[in-house]
Amino acid sequence: MSLASRVNALLVGLALALAGANSAMAAKAPFDLAGPTLQVSIMRGAATLPIARAPDLAPGDVVSLKAELPPGQAARYILVVAFLRGATNPPPKGWFFALKTWEHGGQGELKVSVPQGAQQALIFLAPHTTADFDTLRDAVRGKPGAFVRASQDLNQLGLDRGRLNTYLEAVWRTERDDPAGLQAVTTDLARTLGIKLDTSCFQKSADLQAACLMQDQDSLVLDDGQSNSIVRSLSTGASADLMTQLGAAPQMGGGAYSPYVGAVLDIARLLGSMSVAHFQYVPALAAPKGENLQLRLNTAPSFGDVKSVLVAALPPVEAVQTPPLHATNPKTDYCLAASDTVLKVDGAPLVFSTDYAQAMTLRLKGKSGEIFDIPVTSDAEHGGFTANTSGLDPTAFGPTLDGELHGEWGFSAFEGPSFAFENGAAGLWRLAEADRTALVVGHDDAVRLTGGAGACVKAIEVSAGSESPKAASFKVQGPSEILLTAPLAHASPGSVTIRVRSFGRQGADQFTVQAFAPASRVARFEIHAGDDTGELTGAGLGAVAHLSLGAVRFAPATADTPASEDSITLSSPDQVALAALRAGQDLTAKVALRDGRDLSLPVTIMPPRPTVTLLAESARPPPGPPPAMSITLEGGHDVARGSVLTFSIEAQAPDTMAAREKVEIETADGAFKTTLSPGAGLIREDSRVAVATLDTAAAFGPSTFGPLRFRLTDPRGASDWQDLAGLVRIPTLFALICSSAKEDPCQLTGGNLFLLQAVASGPSFDDAVTVPEGFPGDQLQVPRPRNGRLYLRLHDDPAITAVVAVSPRRRKPVAVPPPAPPRLR
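Here the structure is a predicted model, which is why all the values come from computation and not from measurement.

A. Quick peek at the overall build of the protein. If you tally the helices and strands in the protein, you get 11 helices and 52 strands. The buried share of the protein, taken over its 825 residues, is 48%. Pairs at least 24 apart in sequence give 68% of the contacts found in the protein among residues at least 6 apart. Here the protein displays about 38300 Å² of accessible surface, and carbon together with sulfur accounts for 51% of that area.

Printed below as a string of structure tokens:
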């Protein structure tokens, strides 16, 4: 099946989809019957154009028409050209011109001059009768509005069908030649031709996409401002009449169909209402190609008693309306040295679906003022005009220049949009200075390249170390800048070679840069006025060499890699420079990394941190009945877990406490912590002194022991940590049982005896019994006490001595075996 036949077949389906509409004509195929062919040319002054290249007529134009009828044509047709001057002003009789097509061997030619004041022109092919010409002329003059509307709709229908055919042909061609490119092509086609694109079609399998894109053709063609302006005659001003209003009414289907189908229905209704006793008017769609007008019919013509008169439209008589082309993206730059550059444009579908635009060129201006006109070709499938500027001498142009589209629109010259070009021969690509240390391995990293012509870059390769070059993606950021995404996900730190290949340049711009390990991330540096240390937080801080803040240089407090690279303490010995840091100062810190990179960080000097003094402390046993055997701690600053520790603190600098103060208490390693606040363990004595009460059993679990420290926090910051007390756990002792034989040891019973390290009868521990590590028992053989006391060393702090007063119970002598070592599992 030929391409034209396939288009017609699709249009048949389009018409059948209208079954059930108000008009019976809607169910018929729109213009699927081949009619006669006319040869038409237009002469304006000394220039003559074929009908396919003439978007409009002007008063004084000479229109030449010839009917191309077959030699065996049985029915004789009279060819009539009629000019109209609006819906409410009947044309004079002298505006009708006729040619008997059968005379002069069928080679007769009708030449007519467009009269002054004419607005529309129609062609009639009427079967010859005794009153054919007069009957037709009287009908047109009697109801000019109907024929004005027919002229408008036939022109609109022809332009819309041309857009639809261009779209369908391109879809079929792409499906056949490049199915993978169907989405890109149809997206550009829809934009340039004003076609509604159903993007859901691209979710279907590849073999179903084209059929999906071509379905519902009655709704594919969208309104186009230029087409509407070319054919409008009745839509504004005094030309509007009853037929215009009727055509827009719901009963006429004006709001129910696309422009394409609406025109079919309106023409059928309008001309159907003009039927007289001997003539029935049949609309004919004129498909121009060169000088030929191929008429396509919507209804089979009749040659019976009621004969069919074919009605076709010539271009409207109006001032030239050049295409309102504009660049799709005015900010896009193009490369002067590239071949087959597509200059993307929007706004004028008729440029791509008709032959109105001719002699299209891209006009460039050289450095010396010389003009270069480069031919361009309309390319609807790629969304613009294709130009080949690769043969130009780049030395004739500056680094950047503008080019303008020029061409002919019918008999008139017109200027299109302008486009920015870059000269690919100018400039060398290099890594942007600001990104000198920005290339990082471990992921695909983006850096900026500057210096060359961004629009002319065609490929970039990146090779890390001795690896093979890899293609890299990039995005043009401006006339001399591109954003390169370097494939370094599996690369190691070191040298990286970048090769930039551009149109218009021999070879590649090649240069080497340094790729670094992932950089530290610095989030905050907190330092208080008067401090010689500060806390730097972020990530990967083990790579920090030092930090400079004004004249003060801070270095890691320890040379070892920090346990956590999210936080690191930095200190400075320069007390003179530190004294110059004032609270509230806003400075910029420079963080130097070990590999030579620098990071910047804004820093605000915090107010001086509060300082406090520990005045006094005491401990008392927990409330409740005393244990059977009380353990007393002697010496040191330890407190037993379970006791209540009370201590007082005094503000020093500033000498008053701020509102909302809190006391934080934690173990020395920071593993366990608690907080006291007003109403929850903290009571102010006055503005300077506060008393804190810590219930050690409630605050810390049974696994907590070791030195405790505290600090005061308030909105001004936190004081230094200070030692508070040592927290030790003590066992629960139940009883001591001794025999009457003084040389025998005693038996001590209790719970958590593994918290004991040793038990002795005197403070010298010369007869001490050592408790095995992890002792699980509840009975322990110990020395007989002296003077009613046993001396204990605790597992949590063996440096202190604990004393327990005992009253041993007597029992008969019994051999008490020594404690068995714990069983290991």
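B. The sheet that holds strand E32 (residues 586–593), seen in detail. Taken in spatial order, the seven strands line up as E27-E28-E31-E30-E29-E32-E33 in an open sheet, and their pairing is antiparallel. Of all the strands in the sheet, just strand E27 (521–526) and strand E33 (598–604) have a single pairing partner and so form its edges. On average, each strand axis in the sheet is inclined to that of its neighbour by 30°, with strand direction left out of account. As judged from the three bridges shared by strand E29 (residues 544–549) and strand E30 (residues 552–556), these two strands associate in the antiparallel manner. Note that in E30 the partner of Leu547 across the bridge is Phe554.

C. Focus on the pattern of salt bridges. Counting across every chain of the model gives 27 salt bridges. Measuring nitrogen to oxygen at the nearest pair gives 2.3 Å for the salt bridge that ties Arg173 to Glu381. On the criterion of sequence distance, the pair formed by Arg173 in helix H3 (residues 144–177) and Glu381 in the loop between strand E15 (371–379) and strand E16 (384–387) is long-range, its members being 208 residues apart. Glu381 gets classed as buried once you look at its relative accessible area, which sits at 18%. Across the pair Arg711 and Glu664 runs a salt bridge, and its minimum N-O distance is 2.9 Å. Separated by 47 residues along the polypeptide, Arg711 in strand E42 (residues 706–714) and Glu664 in strand E38 (residues 662–667) bring together distant segments of the chain. The class for Arg711 is partly exposed, based on a relative accessible area of 23%. Three or more residues are tied together by salt bridges with common partners; here these are Asp188, Arg191, Lys344 and Asp346.

D. Quick peek at unusual backbone geometry. Of note, Asp340 is a non-glycine position whose phi angle comes to about 55°, a positive value. As for its position among the elements, Asp340 is in the loop between strand E12 (333–335) and strand E13 (341–346). Even without glycine at this site, Asn752 takes up a positive phi of about 55°. Position of Asn752 relative to the elements: it lies in the loop between strand E46 (746–751) and strand E47 (756–760). When its relative accessible area of 42% is taken as the criterion, Asn752 is described as partly exposed.

Thresholds, definitions, all that
Residues numbered from 1 in each chain as written. Predicted model: local features only at pLDDT ≥ 70, side-chain atom pairs only at ≥ 80, totals over all residues. Heavy atoms only, no water. Helix = DSSP H or I, 4+ residues; strand = E, 2+ residues; numbered from the N terminus. Buried < 20%, exposed > 50% of the residue type's maximum accessible area, 1.4 Å probe, protein only. Contact = heavy atoms within 4.5 Å. Areas by Shrake-Rupley, 256 points an atom, 1.4 Å probe, with all protein chains shown as cover. Pairing = 2+ DSSP bridges. Axes fitted to C-alpha atoms, helices over the stretch in contact; angles between N-to-C directions. Salt bridge = Lys/Arg side-chain N within 4 Å of Asp/Glu carboxyl O.

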